[in-house]
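# Structural characterization, general
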Amino acid sequence: MRVIAIDGPAGSGKTSVAQELAARLGLECLDTGAMYRAVTFAVLRAGGDPADSGFTAAVARTIDVRIDDERVLVDGVDATVEIRSLTVDRAVSAVAANAEVRAELVARQREWANRRDGGVVEGRDIGTVVFPQADLKIYLNADSSVRARRRARQSGALGHTADAGGVESVAADLTRRDTIDSTRSTGPLSVASDAVVIDTTDKTFDETIEQIMGLM
Ligand code: DC
């Protein structure tokens, strides 16, 4: 099994880098953040409170999530755009801090890779928890202002109404989410000791891809 783990904070460029690498290497790609977002979407849709750990864990265990390159289906409902809404953005860290939710989603991520004999998997704990034996671990990072600008552009492209506070508000949200993601007790965002750290602040997309292809 050949696994390439890509971790890093929001807006570091993980998703586009993972997709391009997968295409070049002829592998499939899994966006694990979309899985945590899908659970959050399903909890909110059911009128639940993401802070209710029992309810949220039950949703995670029973939810049907299908993710391909274009769409995310949650229990048969197309949630591609909704899972990236501000509402989900604000609630997802509480869901991702739930140990039972993580246990369920980590098991599904391992099963996904086993069925395909590997793939490019991106998230926060891929190199540290999900696939500690990954063949290559990349930790992508970038200055928080650059990450906030990228995220604001992505939200606009998906048709979400701009956050009333503009890029500053997106930046504050990202910082809050990074803090929760890095300090939770289960599977926190951290750099695996054997990961290659790439700062994409001053790099073009192509430079980042070439560097990783060189490491491969
Ligand atoms: O990468 P993203 O912004 O779509 O991730 C959404 C949230 O899910 C983010 O707050 C961190 C969390 N997440 C996680 O805890 N573990 C992962 N492997 C992937 C994402």
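## Description of helix α9 (residues 205-215)
Those residues of α9 that sit buried are Thr 208, Ile 209 and Ile 212. One side of α9 carries all its buried residues, which in axial view fall inside an arc of 95 degrees. For α9, the exposed residues lying more than 90 degrees away from the buried face are Asp 206 and Gly 214. The secondary structure elements touched by the buried residues of α9 are α1 (14-25), β7 (136-141) and β8 (196-199).

## Things to note about the sheet that holds strand β1 (residues 2-7)
Read from one edge of the open sheet, five strands run β2-β6-β1-β7-β8, paired in parallel fashion. With one partner strand each, in any of the chains shown, β2 (29-31) and β8 form the two edges of the open sheet. Here the strands of the sheet are splayed against their neighbours by 20 degrees on average, with no regard to which way each runs. In terms of strand pairing, β2 meets strand β6 (residues 118-123) through three bridges, oriented parallel. Residue pairing across strands places Leu 30 opposite Val 121, the latter belonging to β6.

## Overview of the site of the ligand
Around the ligand sit 17 residues, and of these Arg 37, Arg 102, Arg 124, Asp 125 and Arg 184 come closest. Asp 181 has a polar side-chain atom sitting 3.0 Å from an oxygen atom of the ligand. For the ligand, the protein covers 99% of the area, taking 450 Å² as the surface of the free molecule. If you list the elements that add at least two residues to the shell around the ligand, you get α2 (32-45), α4 (86-96) and α8 (166-183). Among the elements that line the shell around the ligand, the one with the most residues is α2, at four residues. Of the residues assigned to the shell around the ligand, the class counts are three nonpolar, four polar and ten charged.

## Description of the pattern of salt bridges
Where charged atoms of side chains with opposite charge meet at close range, the side chains can pair. For the coordinates displayed, the defined rule picks out 17 salt bridges. Here Glu 210 makes a salt bridge to Arg 24, at a shortest N to O gap of 3.1 Å. Of the two residues, Glu 210 is situated in helix α9 and Arg 24 in helix α1; the sequence distance between them amounts to 186 residues. On the accessibility criterion, Glu 210 (46% relative accessible area) is partly exposed. Looking at Arg 24, the relative accessible area reads 38%, which means it is partly exposed. A salt bridge links Lys 137 to Asp 194, with the shortest nitrogen-to-oxygen separation between them at 3.0 Å. Taken together, the residues span a long stretch of sequence, with Lys 137 in strand β7 and Asp 194 in the loop between α8 and β8 at a distance of 57 residues. We classify Lys 137 as buried; its relative accessible area is 6%. Taking the relative accessible area as the measure of exposure, Asp 194 reaches 47% and is therefore partly exposed.

## Remarks on the sheet that holds strand β5 (residues 77-78)
The strand order across the open sheet built from three strands is β3-β4-β5, with neighbouring strands paired in antiparallel fashion. Across the chains shown, the open sheet's two edge strands, defined by having one partner strand only, are β3 (65-67) and β5. Pairing of β3 with strand β4 (residues 72-74), which is carried by three bridges, proceeds in the antiparallel orientation. The residue bridging Arg 66 from the neighbouring strand is Leu 73, located in β4. Across the sheet, α2 touches β3, β4 and β5, and the angle it forms with β4 is around 40 degrees.

## With respect to the layout of surface pockets
Looking at the second largest pocket, its volume works out to about 290 Å³. What lines the second largest pocket is simply Leu 30, Met 35, Asp 64, Val 65, Arg 66, Ile 67, Arg 108, Glu 111, Trp 112, Arg 115 and Arg 116. Contributing elements (two or more residues each) for the lining of the second largest pocket: β3 and α5 (99-116). Residues of the lining of the second largest pocket, tallied by class, amount to five nonpolar, no polar and six charged.

## Considering the pairing of β7
It is a general feature of regular strands that their side chains alternate between the two faces of the sheet. Of all six residues in β7, five are buried; the element is thus mostly enclosed. Looking at chain direction, β1 and β7 are connected through four bridges and run parallel. Note on β7: the bridge partner recorded for Ile 6 is Ile 138. Pairing geometry for β7 and β8, over four bridges, is parallel. Counterpart to Tyr 139 in the pairing with β8 is Val 197.

Criteria and thresholds
- Residues numbered from 1 in each chain as written.
- Predicted model: local features only at pLDDT ≥ 70, side-chain atom pairs only at ≥ 80, totals over all residues.
- Heavy atoms only, no water.
- Buried < 20%, exposed > 50% of the residue type's maximum accessible area, 1.4 Å probe, protein only.
- Helix = DSSP H or I, 4+ residues; strand = E, 2+ residues; numbered from the N terminus.
- Arc of directions from axis to C-beta.
- Contact = heavy atoms within 4.5 Å.
- Pairing = 2+ DSSP bridges.
- Axes fitted to C-alpha atoms, helices over the stretch in contact; angles between N-to-C directions.
- Near = heavy atom within 4 Å.
- Polar contact = N/O pair within 3.5 Å; in protein donor to acceptor, adjacent residues only side chain to side chain.
- Areas by Shrake-Rupley, 256 points an atom, 1.4 Å probe, with all protein chains shown as cover.
- Nonpolar A, V, L, I, M, F, W, Y, C, P; charged D, E, K, R; others polar.
- Salt bridge = Lys/Arg side-chain N within 4 Å of Asp/Glu carboxyl O.
- 1 Å grid on protein atoms, 1.4 Å probe; cavity = no way out; pocket = protein on both sides within 12 Å on 5 of 7 lines; lining within 4 Å.
- Points joined across faces, edges and corners; volume = space filled by probe spheres on them.

Scope: geometric values only; no functional claims are made or implied.
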